[in-house]
Amino acid sequence: MSDRTVNTPVLVIGGGPSGMVSALCLAKRGVDCILVERRPGLDTHPKAHELSARSIEILHELGLGYDELSAEASPAEDAAKVLFCDTIGEEFGCIDLRAGSIGRKYREHLEAPMPYLNLSQVELEKTLQKHVAASPRIQSFYNHQWNAFEQDEDGVASRIEDRATGETFTIRSQYVLCADGAGSRGRKALGIEMRGPDKLLDVVNAYFQADLRHVVRTRGKLYFIFSPKAPGSVFIAHHVEKRWVFHHPVATPNEKIEEYTPEVMQKKIKAALGRDDVDIQITSMSHWRMTAQVADRFRSGRVFLVGDAAHRFPPTGGLGMNSGIGDAHNLAWKLAMVLDRRAPPELLDSYEAERRPVSQTNCDESRLNYERMGEVAEAFGIDVKDARWVTETLSSSTMRALPEKLRAFAGRQAQRYAESVLARYHRDPSVRERVLSAIAHQKSHFDRIGLDLGYTYEEGAILRDGTPPAASDDRVSSYVPSTRPGARFPHFWLDGNERRRSSRSILDYRASILLVGAAVETRPSDVEALDQVESLHGVRLFKLGAAEIPACHVAAVHTASQIEPDGALLIRPDGHVAWRQPRGVTLSVALIASIVRQVYGA
């Protein structure tokens with residue numbers, strides 16, 4: 001025990017992507033913080049692998065270059081392909097996200113040269129840690145564990161344990177961010193409940209390094225395996241030539257996680273590959289439970305939940321880590337404004353009001369994607385419930401009590417029957433047509449630009465203007481750009497066909513941006529005072545009339561901004577529109593002060 005106390009404005013518990021992005025966002029806003037991580041270093045066992053377009057935008061704003069992010073990602077062509085296979089070399093169908101309009105719509109709505117990245121979380125964390133270590137505003141305590149906290153009206157006292165020495169000390173902060181993962185000890189200490197099913201599936205996975213480019217028929221990022229020798233398994237190619245993760249479902253409670261030893265997993269991997277001549281050296285193994293849950297609260301006093309501590313999704317959709325990055329980006333600027341006394345503490349209530357509905361939507365869609373995968377099996381003529389019953393029966397205590405030869409015989413019979421069912425794909429054109437149709441129906445599992453870029457905050461730090469949400473026939477796979485309050489300010493080119501300057505380039509996480517139409521007039525008495533609005537109110541002016549926009553393109557920019565030449569928008573530090581007046585604006589210090597007061601409570 002130690003009486004030592006360390007003081008910091010914000011304590012971040014957890015050094016995964018959500019925690020490190022939280023720290024980097026705070027640092028970008030000039031806020032010092034301490035990051036506490038119970039691990040001695042970064043994990044080497046991969047977890048997530050999909051970095052969305054919105055996350056790429058956010059990380060780029062924080063100083064992570066596109067080349068830096070993509071350095072260890074798989075090639076873009078690989079990242080666009082999802083395969084459905086018997087074994088990995090016997091394909092039934094493929095979803096190609098670069099084909100047709102799917103790739104085109106991402107290129108239209110993004111400044112970034114890539115719409116998403118197939119990037120191992122391990123590699124992402126290495127990059128994030130470099131930036132965290134380089135920031136003078138972030139102090140990192142690895143191999144330190146948070147144990148408890150006490151809140152009062154002035155702040156939070158957290159008890160921290162140095163796991164190497166056993167010493168405990170106190171970190172005193174004004175706010176705490178719990179980014180300590182799905183099993184969050186902080187969330188449990190706060191008594192915050194998770195809503196939704198806590199078990200959809202138990203899974204064991206194995207990480208191995210191998211060059212399988214000569215084994216696969218088609219290079220991709222995901223391979224869903226239907227072979228009865230490894231049913232329900234999935235290969236994730238973090239990089240076809242380097243890193244692979246193999247996931248296999250476990251029929252708990254009949255099967256035990258510990259029964260899946262490295263030797264057993266090697267056999268499963270080879271069965272799913274359809275090859276016995278491939279040398280598989282497993283580097284590490286882990287197990288995880290698929291859930292679909294969202295916390296009933298994202299806040300308790302001065303403590304906030306971020307990332308997996310606040311929501312746990314099935315991985316089907318790649319929405320988990322990306323939602324956590326969005327959480328961090330949403331919360332940090334609000335904390336900075338409150339700490340700088342530019343806004344009252346009530347602004348922090350908008351974090352849950354804005355992010356919880358987004359998290360619930362992402363949770364529901366992830367679960368739907370998981371359940372929809374059964375359509376492919378059913379297209380072969382497999383009843384998913386019957387298949388699950390067979391798996392459970394073969395691993396039941398009754399079956400385990402039978403002689404080994406009899407158990408092996410039953411297993412072989414089940415496999416032969418399943419193989420004959422899969423063979424219908426090649427024998428019967430109608431089955432093949434059904435299977436390919438079912439595979440095509442999985443596109444929204446991967447083509448999710450609407451969830452990625454199109455989410456809109458309906459309540460929170462915004463001033464609604466009475467307009468309805470942008471009409472869309474598919475909220476998952478369609479995106480309609482909008483500057484309606486609550487929406488992400490869209491990308492379009494300010495310089496027309498030159499395509500060198502994006503509308504997103506005017507945004508800055510350190511300030512709100514007041515985008516003013518070219519014909520907006522300023523009250524003469526306010527001309528000089530407007531130069532001080534950034535220091536006074538944290539608002540930077542961007543006047544379309546004074547910007548270097550080709551004269552022939554000014555009208556198009558107003559149209560894309562969805563304002564008239566005498567209209568204006570206030571864009572928050574996180575790039576979401578806070579206020580919009582399409583026409584009739586006269587610029588004044590009083591107007592800006594009024595908008596800021598109504599949006600942020602300042």
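For the structure, check the block above.
Residues numbered from 1 in each chain as written. Predicted model: local features only at pLDDT ≥ 70, side-chain atom pairs only at ≥ 80, totals over all residues. Heavy atoms only, no water.

S.K.: Quick rundown of the sheet that holds strand S20 (residues 311–312)? Include the residues and the values.
M.R.: Spatially, 3 strands are ordered S11-S17-S20 in an open sheet, and the strand pairing comes out antiparallel. A single partner strand is all that each edge strand has here, and the edge strands are strand S11 (194–195) and S20. For S11 and strand S17 (residues 293–295), the ladder comprises 2 bridges, and the chain directions are antiparallel. When the bridges of S17 are listed, arginine 195 appears paired with valine 294. In the packing of helix H10 (residues 349–372) onto the sheet, the strands contacted are S11, S17 and S20, and the crossing angle to S17 comes to about 170°. (Pairing = 2+ DSSP bridges. Helix = DSSP H or I, 4+ residues; strand = E, 2+ residues; numbered from the N terminus. Contact = heavy atoms within 4.5 Å. Axes fitted to C-alpha atoms, helices over the stretch in contact; angles between N-to-C directions.)

S.K.: Outline the environment of proline 582, supporting the account with residue identities and numerical values.
M.R.: By the secondary structure assignment, proline 582 is in the loop between strand S25 (577–581) and strand S26 (586–587). Using a relative accessible area of 28% as the deciding quantity, one classes proline 582 as partly exposed. Between the C-alpha atoms of proline 582 and aspartate 566, which are 16 residues apart in sequence, the distance is 7.4 Å. Beyond its immediate sequence surroundings of up to four residues, proline 582 is in contact with Gln562, Ile563, Glu564, Asp566 and Gly567. (Buried < 20%, exposed > 50% of the residue type's maximum accessible area, 1.4 Å probe, protein only.)

S.K.: Break down the packing of aromatic side chains for me, citing the residues and quoting the values.
M.R.: Going through the model one piece at a time under the given rule, you end up with 20 aromatic pairs. Seen in terms of ring centroids, phenylalanine 84 and phenylalanine 224 are 5.2 Å apart; in terms of plane orientation they differ by 20°. Their pairing is stacked. A residue pair is termed long-range when its members are at least 10 positions apart, and phenylalanine 84 in strand S4 (residues 81–85) and phenylalanine 224 in strand S13 (residues 222–225) qualify at 140 residues. By relative accessible area, phenylalanine 84 is classed as buried at 0%. Classification of phenylalanine 224 by relative accessible area gives buried; the value is 10%. Ring centres 4.9 Å apart and planes at 65° place the aromatic pair phenylalanine 92 and phenylalanine 380 in the edge-to-face group. Of this pair, phenylalanine 92 sits in strand S5 (residues 91–96) while phenylalanine 380 sits in helix H11 (residues 374–380), and the two are 288 residues apart along the sequence. Summarising the burial analysis for this pair, phenylalanine 92 and phenylalanine 380 share the class buried. Site record: aromatic cluster; members linked through ring pairs are Phe208, Tyr223, Phe235, Trp244 and Phe246. Over the ring of tyrosine 116 we find lysine 221; its NZ or CZ atom is 4.9 Å from the centre of that ring. (Phe/Tyr/Trp six-rings, centres within 6.5 Å; stacked < 30°, edge-to-face > 60°. Lys NZ or Arg CZ within 6 Å of the ring centre and 35° of its normal.)

S.K.: Requested: an account of the nonpolar core, with residues and values cited.
M.R.: Counting residues in each nonpolar core, the largest one holds 100 residues, and the members touching the most others are Leu51, Leu59, Ile171, Leu570 and Tyr600. If we skip the residues at most four places from it in the chain, leucine 51 touches Ile56, Leu59, Leu69, Tyr116, Leu117, Leu119, Leu124, Met321, Asn322 and Ile325. One finds Ile95, Leu97, Tyr116 and Tyr207 within the second-largest nonpolar core, a separate group that totals 29 residues. (Core = buried A, V, L, I, M, F, W, Y, C linked by side-chain atoms within 4.5 Å.)

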